[in-house]
Amino acid sequence: MAGEVSDELRRIVQAKRKSDPHQGVPVIVTLSSEADVETLREKGLKVRRSYENVAAVSGTIPADELDALVEAGGVKRIEYDGEMHAY
């Protein structure tokens, strides 16, 4: 079963595919129990951090390789890893 992609990430990836499809996009990937991080790397994800308290990793993926990552086994959801601001 393919993972979900947030609407925000879809919009960003569509724009990057037009301008620079090989540019890395920062993402957070929520994983299921059968996820294999090495497989995600093979799909193009450059893992920056693995989290201990939640089943997730963060990193960058080239815009033109997002679809392969979505189809990788063990991926539940992929979201844009943008800056957060407190007001």
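Being a predicted model, the structure only gives us computed values, none of them experimental. Sequence order sets the numbering: in each chain, residues are counted from 1 along the sequence as written. Owing to the predicted nature of the model, reporting of local features is limited to residues with pLDDT of at least 70; listing and counting of side-chain atom pairs is limited to 80 or more, with chain, interface and lining totals taken over all residues. By convention in this description, side-chain values take in all heavy atoms of the structure and omit both hydrogens and water.

1. Notes on the environment of Pro62
For the purposes of this entry, the term helix denotes a DSSP run of H or I that reaches at least four residues, the term strand denotes a run of E that reaches at least two, and both are numbered from the N terminus. By secondary structure assignment, the location of Pro62 is in strand β4 (residues 56-62). The class for Pro62 is buried, based on a relative accessible area of 15%. Only heavy atoms matter for contacts: two residues are in contact if any of them lie within 4.5 Å across the pair. Every residue in contact with Pro62, bar those within four places of it in the chain, is listed here: Pro21, His22, Gln23, Gly24 and Gly44. Throughout, exposure labels follow a simple rule: accessible area from a 1.4 Å probe, protein chains only, divided by the maximum for the residue type, with under 20% read as buried, over 50% as exposed, and the rest as partly exposed.

2. Observations concerning the side chain of Ser32
Looking at the secondary structure, you find Ser32 in the loop between β2 (24-31) and α2 (37-42). Relative accessible area serves as the criterion here: at 15%, Ser32 is assigned to the buried category. We call two N or O atoms a polar contact when they sit within 3.5 Å, provided that within protein one can donate a hydrogen and the other can accept it, with sequence-adjacent residues counted only if both atoms are side-chain atoms. Engagement of the side chain of Ser32 in a polar contact is seen with the side chain of Glu34, the distance being 2.9 Å. Those residues in contact with Ser32 that lie beyond four places of it in its chain are Gly74 and Lys76.

3. Some words on the sheet that holds β4
With mixed pairing, five strands are arranged side by side in an open sheet as β1-β5-β2-β4-β3. At either end of the open sheet lies a strand with only one pairing partner, and these are β1 (4-5) and β3 (46-50). If DSSP finds at least two bridges between two strands, the strands pair. Here β2 pairs with strand β5 (residues 75-80) via five bridges, running antiparallel. Across the sheet, the residue bridging to Leu31 is Val75, located in β5.

4. Description of the pattern of salt bridges
Opposite charge on two side chains makes pairing possible when the charged atoms of those side chains draw close. Salt bridge criterion: a side-chain nitrogen from Lys or Arg within 4 Å of a carboxyl oxygen from Asp or Glu. All chains considered together, the criterion is met by five salt bridges. Linking Glu38 and Arg41 is a salt bridge whose minimum nitrogen-to-oxygen distance equals 3.8 Å. In this pair, Glu38 and Arg41 are both assigned in helix α2, three residues apart and thus about one turn of the helix distant. A relative accessible area of 42% places Glu38 in the partly exposed class.

Geometric values such as these leave the question of function open.
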